[in-house]
Amino acid sequence: MDHTPVTDWINEAARAAEKQGSGDLLRVVLIVMFFGCILTAWFLLRGYKQKDD
């Protein structure tokens, strides 16, 4: 089994990261989905609020 130095591994990971193109799009989709879930939960749960009249 070959031993790969840490610097080679880091350089290879950096080169692979440059090739990835959909990272920003995926990040935006996840953020919008997260806030959409929070907004949906707030909208649904506010209907269960009991009013003391």
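Description of the structure in this document.

Reading guide: rules and limits
Residues numbered from 1 in each chain as written. Predicted model: local features only at pLDDT ≥ 70, side-chain atom pairs only at ≥ 80, totals over all residues. Heavy atoms only, no water. Helix = DSSP H or I, 4+ residues; strand = E, 2+ residues; numbered from the N terminus. Buried < 20%, exposed > 50% of the residue type's maximum accessible area, 1.4 Å probe, protein only. Areas by Shrake-Rupley, 256 points an atom, 1.4 Å probe, with all protein chains shown as cover. Phe/Tyr/Trp six-rings, centres within 6.5 Å; stacked < 30°, edge-to-face > 60°. Expected span 1.5 Å × (residues − 1). Patch = residues over 30% accessible without salt bridge, like charges linked within 9 Å, V, L, I, M, F, W, Y side chains within 5 Å. Salt bridge = Lys/Arg side-chain N within 4 Å of Asp/Glu carboxyl O.

### So, the overall build of the chain
Working step 1: Scanning the chain from terminus to terminus reveals two helices and zero strands.
Working step 2: Within the span of the chain, comprising 53 residues, buried residues form 0% of the whole.
Working step 3: Looking at the chain as shown, the accessible area adds up to about 5700 Å², and 64% of this sits on carbon and sulfur atoms.

### Observations regarding the packing of aromatic side chains
Working step 1: One pass over the structure, following the stated rule, counts one aromatic pair.
Working step 2: Centroid distance Phe34 to Phe35: 5.5 Å. Interplanar angle 70°. Geometry classified as edge-to-face.

### What about helix α2 (residues 23-45)?
Working step 1: For α2, which comprises 23 residues, the first-to-last C-alpha distance of 33 Å matches the rise-based estimate of 33 Å (1.5 Å per residue) to within 8%.
Working step 2: The buried fraction of α2 is low, at zero of 23 residues.

### Some details on a nonpolar patch on the surface
Working step 1: On the surface, Ile31, Phe34, Phe35 and Ile38 cluster together to form a nonpolar patch covering roughly 420 Å² of accessible area.
Working step 2: Here Ile38 is to be found in helix α2.

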